[in-house]
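# Structural overview
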2 protein chains.
Amino acid sequence: MQGLLLFAHGARDPRWALPFIDIQQRVQAKVPAMPVELAFLEFMTPNLIEAGARLVQAGCTTVDVLPLFLGAGGHVRKDLPELMGQLQREHLQVQWQLRAAIGEISSVVQAMADAALAGMSK
Amino acid sequence: MQGLLLFAHGARDPRWALPFIDIQQRVQAKVPAMPVELAFLEFMTPNLIEAGARLVQAGCTTVDVLPLFLGAGGHVRKDLPELMGQLQREHLQVQWQLRAAIGEISSVVQAMADAALAGMSK
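This text gives an overview of the structure that appears in the document. (Residues numbered from 1 in each chain as written. Chains lettered and ligands numbered in written order. Predicted model: local features only at pLDDT ≥ 70, side-chain atom pairs only at ≥ 80, totals over all residues. Heavy atoms only, no water.)

## Description of the environment of A:Met120
Operational definition: Secondary structure elements follow DSSP: runs of H or I no shorter than four residues count as helices, runs of E no shorter than two count as strands, and numbering proceeds from the N terminus. Relative accessibility under 20% of the residue-type maximum defines a buried residue, over 50% an exposed one, and the middle range a partly exposed one, all with a 1.4 Å probe and only protein chains included. Here, residues are in contact when the closest pair of their heavy atoms is within 4.5 Å.
Along the chain, A:Met120 falls in the segment after helix H4 (106-118). Among the residues examined, A:Met120 registers a relative accessible area of 14% and is labelled buried. Placed 86 residues apart in sequence, A:Met120 and A:Met34 show a C-alpha to C-alpha distance of 37 Å. Dropping the residues within four chain positions of it, A:Met120 is found in contact with B:Gln2, B:Gly3, B:Leu4, B:Met34, B:Asp64 and B:Arg99.

## Observations concerning the sheet that holds strand S2 (residues 36-40) of chain A
Residue and element names in this part refer to chain A. Our working rule: Note: two strands are recorded as paired if DSSP finds a minimum of 2 bridges between them. Interaxial angle, 0 to 180 degrees, is taken between N-to-C directions of lines fitted to C-alpha atoms, where a helix line uses only the stretch in contact.
Ordered in space as S2-S1-S3-S4, the 4 strands form an open sheet in which the pairing is parallel. Here the strands that pair on one side only, and so sit at the sheet edges, are S2 and strand S4 (95-98). Strand-to-strand twist of the sheet, defined as the mean angle between neighbouring strand axes without regard to direction, takes the value 25°. Lying over the sheet, helix H1 (residues 18-30) contacts strand S1 (2-8) and S2, oriented at roughly 165° with respect to S2. Across the sheet, helix H3 (residues 74-90) is in contact with S1, strand S3 (62-67) and S4; its angle to S4 comes to roughly 170°.

## What about the interface of chain B and chain A?
Formally: Two parts placed together each lose some accessible area under a 1.4 Å probe, and the buried area is that loss summed for both. Definition used for salt bridges: Asp or Glu carboxyl oxygen within 4 Å of a side-chain nitrogen of Lys or Arg. Pairs of N or O atoms are called polar contacts if they sit within 3.5 Å, as long as, within protein, a hydrogen donor faces a hydrogen acceptor (for residues adjacent in sequence, only side-chain-to-side-chain pairs). Gly is placed with the polar residues, together with every amino acid not listed as nonpolar (Ala, Val, Leu, Ile, Met, Phe, Trp, Tyr, Cys and Pro) or charged (Asp, Glu, Lys and Arg).
Counting residues at the interface gives 46 residues for chain B, matched by 46 residues for chain A. Taken together, both faces of the contact between chain B and chain A bury some 3,900 Å²; the carbon and sulfur share is 66%. Viewed at the interface, chain A and chain B are joined by 4 salt bridges. One salt bridge connects A:Lys30 with B:Asp114, and the closest N-O pair in it is separated by 2.8 Å. Here chain B is connected to chain A by 18 residue pairs in polar contact (both at pLDDT 80 or more). Listed by contribution, the elements that provide at least two residues to the side of chain B that touches chain A are strand S1 (2-8), helix H1 (18-30), strand S3 (62-67) and helix H4 (106-118) of chain B. Looking at the side of chain B that touches chain A, the element that brings in the most residues is H4(B), giving 12 residues. Residues belonging to the side of chain B that touches chain A are distributed by class as follows: 23 nonpolar, 12 polar and 11 charged.

Shown next as structure tokens:
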């Protein structure tokens, strides 16, 4: 079974997580049978290792890890690959597949550019 | 004249800025006559005050400030309003209008949810 692991930065303010929970819920609504987890690098729980373990427990054998970051800097290029390595070592029977960051997807960039103009105050 | 000031976090890795530059360029391509600037909170330049001054110099009298943040935590709720106050004090003749964070716009959330599923590895 395939699963999806959404990975976000995290913040002290709980309201920060709302758009990410919104993404998770919209994905889940479209594919109710697919396990979808949301994990955080810091300040919020679960972390990537905990959320990955949940997906394994749910029976996933292939997991896409999707960074919900607009820019790909140190968190996406260094921290995340290290965490992916740990997931792989702890769950050797599972394929963990790192996807490009959400901000590098053209349709997402276009949606942001469109929203920037659509919302102009006059 | 109306201007748009895009505000992103910034990072040490210059590649981090690419999606934000992409947004700026797509917006600018659609409205070539409107001044559009991209500013950063830290690590990258220009900062919000510098980019705002450029827009004023370009003749803007109304400026939308759009936070290119997915989640709205301390940076959007505390740091940015303080910077907006500084912009307003330094340019009393200009209307500075703070918009909701890009990650709080439903069409953007939907685009991310769609991209999450469209890119599933099998």
